[in-house]
Amino acid sequence: MMSRFNVGESLRKAQKERKVTNKSLSQEFGVSLVQVGRWRNCTDMRIGRIEAIADYLELDVYEFLDLGR
């Protein structure tokens, strides 16, 4: 159940740890900076995207989600 995790917080922490900018995420996934902001605010994040972002950040999905606890 996704309510146990804060995906936006996971993303913010992973970005900070790995020094990944919003701009680099937007370029990697072909989305706007506004969309990346939505991910960080956890307003528009699909499970497939979570998996892809975790992979891009070189994290296991469970490690990625655990950052938002």
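Calculation criteria
Residues numbered from 1 in each chain as written. Predicted model: local features only at pLDDT ≥ 70, side-chain atom pairs only at ≥ 80, totals over all residues. Heavy atoms only, no water. Helix = DSSP H or I, 4+ residues; strand = E, 2+ residues; numbered from the N terminus. Rg over C-alpha atoms; globule rule 2.2 N^0.38 Å. Buried < 20%, exposed > 50% of the residue type's maximum accessible area, 1.4 Å probe, protein only. Contact = heavy atoms within 4.5 Å. Axes fitted to C-alpha atoms, helices over the stretch in contact; angles between N-to-C directions. Left-handed = near helix turned anticlockwise from the far one by under 90°. Nonpolar A, V, L, I, M, F, W, Y, C, P; charged D, E, K, R; others polar.

Engineer: For this particular structure, what's the right way to read the overall build of the protein?
Structural biologist: Check the secondary structure of the protein and you find five helices and zero strands. The order of α-helices and β-strands along the protein, N terminus first, is α-α-α-α-α. Relative to a compact globule of 69 residues, whose C-alpha radius of gyration would be 11 Å, the protein shows 11 Å and is just as compact. Oriented by its inertia axes, the alpha-carbon framework of the protein measures out at about 30 × 20 × 20 Å.

Engineer: What's the story with the environment of Phe 64 in this structure? I'm lost.
Structural biologist: Tracing the backbone through its elements, the reader meets Phe 64 in helix 5 (residues 61-66). Residue classification places Phe 64 among the buried positions, given a relative accessible area of 0%. Taking the C-alpha atoms as reference points, Phe 64 and Val 36, separated by 28 residues in sequence, lie 16 Å from one another. Beyond its immediate chain neighbours, meaning those up to four positions away, Phe 64 contacts Val 7, Ser 10, Leu 11, Ala 14, Ile 50, Ile 53, Ala 54, Leu 57 and Leu 59.

Engineer: Sorry if this is basic, but what is going on with the packing of helix 2 (residues 22-29) against helix 4 (residues 47-56) here?
Structural biologist: Angle between the axes and distance between the axes: these two values describe a pair of packed helices. Axis separation between helix 2 and helix 4 bottoms out at 12 Å; the angle between their running directions is 115°. Considering the relative orientation of helix 2 and helix 4, their crossing is right-handed. Packed against helix 2, whose contacting residues are Ser 24, Leu 25, Glu 28 and Phe 29, the element helix 4 presents Arg 49, Ala 52, Ile 53 and Tyr 56 at the interface. Partitioned by chemical class, the residues of the contact of helix 2 with helix 4 number five nonpolar, one polar and two charged.

Everything listed here is a matter of geometry and, on its own, says nothing about what the molecule does.
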